[in-house]
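Report on the structure
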Amino acid sequence: MEDLQLRDRNVLVTGASSGLGLEMARQLARDHHAHPILVARRRDKLEALAKELEGFGVRPKVIVADMTKPADVERTIAEATAEPLHAAILNAGVTYFGKTVEHPVEDIASLVATNVTSVIHLTQRLVPYLLERNEQGALMLVSSLASLQPMPFQAVYGGSKAFVTSYGVALAEELREHDISLTTFCPGGIATEMMDGAGLSTKYPKGHPMIMDVEDCAARALWAMRVRKVMHVPGVLNALAALGATIAPRQLVARLVANDYRGALPKDGAK
Ligand SMILES: NC(=O)c1ccc[n+]([C@@H]2O[C@H](COP(=O)([O-])OP(=O)(O)OC[C@H]3O[C@@H](n4cnc5c(N)ncnc54)[C@H](OP(=O)(O)O)[C@@H]3O)[C@@H](O)[C@H]2O)c1
């Protein structure tokens, strides 16, 4: 299969109102002249981005939708495929940081709905669509380095991303004989709202060796999708961490992650 063509193609990006999704949408428009379809809950952010992207001579589209709601996911698919859709980046995601069992069960359900259920829903509907179009389209699932190791104090988040990586890589193999590609992207830490919201950006600030700039990370993600990588961990340090996490005993990896994270917990955090 040829590298993915993006010029003048419509590309869906979920979670486009901030962070990695916003930057991938920006680079799709600015560097590849693709027409991004921007999905998230915050209309004002999406509309401001759409206005900026119009300046690159492309036609962005805004879909305000909540990925925890199956009806919104269906509407996203309908609106995104109203015109030919060539590729989709399933990037919307949420996390938390702290003692997992103290985290409200409603928030856990919402995390699973966003990070897992909506990804399955979109993938199961978009793969047959892209196959039927027969135009060598592509799908990319944004997972995480956290998918490769147990994540104490982010146990449900790590589990949700472990699902995404397992599902994405397995499905890519099922699709190997077909004319579409499915890439699973596994970044390590990125300087975005997610790190701020989880209270992790003090311990892991922008410029920390394990924290990638969002611009760099977005460029690496789009490269991985364009060259149709099945799975990609961006950056040498992240690749080494992934290798270590894969070969070391899981309990040891969990202990090392927990020891590192304990320093970032609130003062009354886990002992
Ligand atoms: N930051 C990191 O260190 C890191 C590391 C590895 C992987 N990742 C992954 O990268 C992806 C992007 O994260 P980020 O760092 O860019 O975080 P971010 O800046 O917090 O962006 C998350 C995006 O997801 C959207 N979103 C969240 N819940 C949603 C919902 N229910 N419905 C629709 N959209 C929703 C948010 O938009 P609204 O709030 O407007 O809905 C926002 O656009 C996530 O899948 C994350 O797990 C991040």
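Preceding block: the structure.
Note that this is a predicted model, so its numbers are computed, not measured.

A few points about the side chain of Ser-181
Along the chain, Ser-181 falls in strand 6 (residues 181–185). The buried category is assigned to Ser-181, whose relative accessible area is 6%. Setting aside residues up to four positions removed in sequence, Ser-181 forms contacts with Met-1, Gly-137, Ala-138, Leu-139 and Arg-228.

A few points about the sheet that holds strand 4 (residues 85–90)
Sheet architecture is open: seven strands sit in the order 3-2-1-4-5-6-9, paired in parallel fashion. Taken across any chain shown, the strands that pair with only one partner, and hence form the sheet edges, are strand 3 (61–64) and strand 9 (231–232). Sheet topology note: the strand 1 (residues 10–14)/strand 4 ladder contains four bridges and is parallel. Paired with Val-13 across the two strands is Ile-89, which belongs to strand 4. Along the sheet, helix 2 (residues 43–54) contacts strand 2 (35–40) and strand 3; its crossing angle with strand 2, the most-contacted strand, is approximately 170°. The strands touched by helix 7 (residues 214–226) within the sheet are strand 4, strand 5 (138–142), strand 6 and strand 9, with strand 6 carrying the most contacts at an inclination of about 150°.

Description of a nonpolar patch on the surface
Together, Met-210, Val-236, Leu-237, Leu-240, Leu-243 and Ile-247 make up an exposed nonpolar region whose accessible area comes to about 610 Å². Mapped onto the elements of the fold, Leu-237 is located in helix 8 (residues 236–247).

Section: helix 7
With 13 residues, helix 7 should cover 18 Å at 1.5 Å per step; its first-to-last C-alpha distance of 18 Å lies within 8% of that length. Of all the residues in helix 7, the buried ones are Val-214, Cys-217, Ala-218, Ala-221, Leu-222, Ala-224 and Met-225. Angularly, the buried residues of helix 7 cover 155° about the axis, an arc narrow enough to put them on a single face. The first or second residue beyond helix 7 is Arg-228, which carries a positive phi of 65°.

A closer look at the pattern of salt bridges
When the charged atoms of two side chains lie near each other, side chains of opposite charge can form a pair. Counted by the stated rule, this structure contains 14 salt bridges. Residue Arg-43 pairs with Glu-47 through a salt bridge whose shortest N-O separation is 3.4 Å. Placement of the pair is Arg-43 and Glu-47 together in helix 2, with a separation of four residues, close to one helical turn. The closest approach of N and O atoms between Lys-206 and Asp-213, which form a salt bridge, is 3.6 Å.

Looking at the site of the ligand
Around the ligand sit 31 residues, and of these Ser-17, Arg-41, Asn-91, Tyr-157 and Thr-192 come closest. Within the backbone of Gly-15, an N or O atom sits 3.1 Å from an oxygen atom of the ligand. Between the ligand and Arg-41 there is a distance of 2.7 Å, counted from an oxygen atom to a side-chain nitrogen or oxygen. Contact with the protein chains hides 95% of the accessible area of the ligand, taken as 880 Å² for the molecule alone. Looking at the shell around the ligand, the elements with two or more residues in it are helix 1 (19–32), helix 5 (155–174), strand 7 (189–190) and helix 6 (193–197). Looking at which element gives the most residues to the shell around the ligand, the answer is helix 6, with three residues. For the shell around the ligand, the per-class residue count stands at 13 nonpolar, 13 polar and five charged.

Let's talk about the nonpolar core
Within the largest apolar cluster, 33 residues are counted, with the highest numbers of intra-cluster contacts made by Leu-20, Met-24, Leu-28, Leu-38, Ile-89 and Met-225. Excluding its chain neighbours within four sequence positions, the residues that come into contact with Leu-20 are Asn-91, Val-142, Phe-185, Ile-190, Thr-192, Val-214, Cys-217 and Ala-218. Val-39, Val-73, Leu-90 and Ile-180 belong to the second largest nonpolar core, which has 27 residues in total.

Calculation rules
Residue indices begin from 1 for each chain and proceed along its sequence in written order. Given that the model is predicted, a residue must reach a pLDDT of at least 70 before its local features are reported, and side-chain atom pairs must reach 80 or more before they are shown or counted; all residues, however, enter totals for whole chains, interfaces and linings. Hydrogens and water are ignored here; the side-chain numbers use all heavy atoms of the structure. Elements are defined by DSSP. Helices are runs of H or I of four residues or more, strands are runs of E of two residues or more, and each kind is numbered from the N terminus. Burial here depends on accessible area, computed with a 1.4 Å probe over protein chains only, as a share of the maximum for the residue type. Under 20% is buried, over 50% is exposed, and the range in between is partly exposed. Should any heavy atoms of two residues lie within 4.5 Å, those residues are counted as being in contact. Think of it this way: DSSP has to see at least two bridges between two strands before they count as a pair. For helices, the fitted line uses only the C-alpha atoms of the stretch in contact; every axis is such a line through C-alpha atoms, and the angle between N-to-C directions lies from 0 to 180 degrees. Note on patches: the residues involved have over 30% relative accessible area and no salt bridge, like charges join within 9 Å, and the nonpolar side chains Val, Leu, Ile, Met, Phe, Trp and Tyr join within 5 Å. Accessible areas in this description were obtained via Shrake-Rupley with a 1.4 Å probe; residue shielding takes into account the shown protein chains only. In what follows, salt bridge is the name for a side-chain nitrogen of Lys or Arg lying within 4 Å of a carboxyl oxygen of Asp or Glu. In a helix, the anticipated span is given by 1.5 Å times the number of residues less one. Each C-beta atom gives one direction from the helix axis, and the arc is the one those directions make. Distances are taken per atom, and a residue is near a molecule or strand as soon as one of its heavy atoms is within 4 Å of it. Two N or O atoms count as a polar contact when they lie within 3.5 Å, although within protein this holds only if one can serve as hydrogen donor and the other as acceptor, and sequence-adjacent residues are included solely when both atoms are side-chain atoms. Under the convention adopted here, Pro, Cys and the residues Ala, Val, Leu, Ile, Met, Phe, Trp and Tyr are nonpolar, Asp, Glu, Lys and Arg are charged, and Gly plus all remaining residues are polar. What is meant by a nonpolar core is a set of buried Ala, Val, Leu, Ile, Met, Phe, Trp, Tyr and Cys residues, joined one to another through side-chain atoms within 4.5 Å.

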